[in-house]
Amino acid sequence: MKKVLILASGNGSNAENISKFLNKTDSENEIKVLCNVKNAGVFKKMTNLKIPCILIEIGNNMYLIKECQNFKPDLIILAGYLKKIPTELIEIFKKKIINIHPSLLPKYGGKGMYGDNVHNQVLLNKEKETGITIHYVNEKYDRGEIIFQKKINLQKDETLNTIKGKIKNLEMKYFPTIIYQLLYGRKY
């Protein structure tokens, strides 16, 4: 049995997708979610899936570290988690914390570069391609070792919403399968 800890801050669409994917595989998984936003949509999604989802106090890094250590996850997944991961947690779980970023890193990474902020920069700079990057988390925002990237070409008439939709589709398709590969050492 593999233990998966998901950290989320928002709606929970990635957490839900990952959980559903892992639950339909032939492997046994124990999933737990920690969220740092009181009324985030992820709570309802996880309740519907009968997956524990616990509120962690904003700024209470010791509680986060304790929860992670007590659960002993095989993998910690950032699924729209918008807080910096404490260095102590990164040291304890070296190469066991992963994140997905909505651009082809190293482009458009760093503090404050998430969601629409990234897509708007892609539009502003008239990029011909964009994509997703799945990477290990280290002490610097979006600078950890890259695990996987998927590129898509952009058309001249792209809008914020068309790019968001394309990136969301990539996230939904590839994030769960890469997580599975990291957990089990084989493709699904």
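The coordinates are above.
These numbers were taken from a predicted model, which means no experiment stands behind them.

Basis of the calculations
- Residues numbered from 1 in each chain as written.
- Predicted model: local features only at pLDDT ≥ 70, side-chain atom pairs only at ≥ 80, totals over all residues.
- Heavy atoms only, no water.
- Helix = DSSP H or I, 4+ residues; strand = E, 2+ residues; numbered from the N terminus.
- Rg over C-alpha atoms; globule rule 2.2 N^0.38 Å.
- Pairing = 2+ DSSP bridges.
- Axes fitted to C-alpha atoms, helices over the stretch in contact; angles between N-to-C directions.
- Phe/Tyr/Trp six-rings, centres within 6.5 Å; stacked < 30°, edge-to-face > 60°.
- Buried < 20%, exposed > 50% of the residue type's maximum accessible area, 1.4 Å probe, protein only.
- Lys NZ or Arg CZ within 6 Å of the ring centre and 35° of its normal.
- Salt bridge = Lys/Arg side-chain N within 4 Å of Asp/Glu carboxyl O.
- Core = buried A, V, L, I, M, F, W, Y, C linked by side-chain atoms within 4.5 Å.
- Contact = heavy atoms within 4.5 Å.

Colleague: Looking at this structure, how should I read the overall build of the protein chain?
Modeller: For the protein chain, the count of helices and strands is six helices and seven strands. When the helices and strands of the protein chain are placed in sequence order, the string is β-α-β-α-β-α-β-α-β-α-β-β-α. For 188 residues, the compact-globule formula gives about 16 Å, and the C-alpha radius of gyration of the protein chain, at 16 Å, lands near that figure. Over its C-alpha atoms, taken along the principal directions, the protein chain stretches across nearly 50 × 35 × 30 Å.

Colleague: Quick question: what am I supposed to make of the sheet that holds strand S2 (residues 29-35) here?
Modeller: By definition, the strands of a sheet pair up through backbone hydrogen bonds, in either a parallel or an antiparallel sense. Taking strand neighbours across the sheet as the criterion, the seven strands line up as S3-S2-S1-S4-S5-S6-S7 in an open arrangement whose pairing is mixed. The sheet terminates laterally at strand S3 (53-55) and strand S7 (146-153), the two strands that pair on one side only. Adjacent strand axes in the sheet meet at a mean angle of 20° when their direction is disregarded. With seven bridges connecting them, strand S6 (residues 129-136) and S7 associate as antiparallel partners. Bridge assignment links Ile 134 to a residue of S7, and that residue is Phe 148.

Colleague: For this particular structure, what's the right way to read the packing of aromatic side chains?
Modeller: Working definition: an aromatic ring pair is given by the centre-to-centre distance plus the angle between the planes. Enumeration over the complete set of coordinates arrives at three aromatic pairs. Judged by centre distance (6.4 Å) and plane angle (80°), the rings of Phe 21 and Tyr 180 are edge-to-face. Remark: Tyr 180 occurs in helix H6 (residues 160-184) and Phe 21 occurs in helix H1 (residues 13-24); sequence separation between them is 159 residues. Take Tyr 180: its relative accessible area is 1%, and that puts it in the buried class. Between the aromatic rings of Tyr 180 and Tyr 184, the centroid separation amounts to 4.9 Å while the plane-to-plane angle is 35°, which identifies the pairing as tilted. Of this pair, Tyr 180 and Tyr 184 both sit in helix H6, four residues apart, which is roughly one turn of the helix. Given the relative accessible area of 18%, Tyr 184 is considered buried. An aromatic cluster is defined as three or more aromatic residues linked by ring pairs; in this entry it consists of Phe 21, Tyr 180 and Tyr 184. Taking NZ or CZ as reference, Lys 84 lies 4.8 Å from the ring centre of Tyr 141, over its face.

Colleague: Any chance you could explain the pattern of salt bridges here in plain terms?
Modeller: Pairing between side chains becomes possible if they bear opposite charge and their charged atoms approach one another. This structure, assessed with the given rule, holds ten salt bridges. Residue Arg 186 is joined to Asp 26 by a salt bridge in which the shortest nitrogen-to-oxygen separation is 3.8 Å. Placement of Arg 186 in the segment after H6 and of Asp 26 in the loop between H1 and S2 is noted, with a sequence separation of 160 residues between them.

Colleague: How do you make sense of the nonpolar core when you look at a structure like this?
Modeller: Side chains of nonpolar character tend, in soluble globular proteins, to be buried together. Among the nonpolar cores identified, the biggest contains 41 residues, and Ile 6, Leu 22, Val 42, Ile 77 and Ile 179 are the most heavily contacted of them. Of all the elements, H6 adds the most residues to this core, at ten residues. If we ignore the near neighbours within four places in the chain, the residues touching Ile 179 are Ile 18, Leu 22, Leu 75, Ile 77 and Ile 98. By size, the runner-up hydrophobic cluster in this structure holds 17 residues, among which are Ile 56, Tyr 81, Leu 89 and Phe 93.

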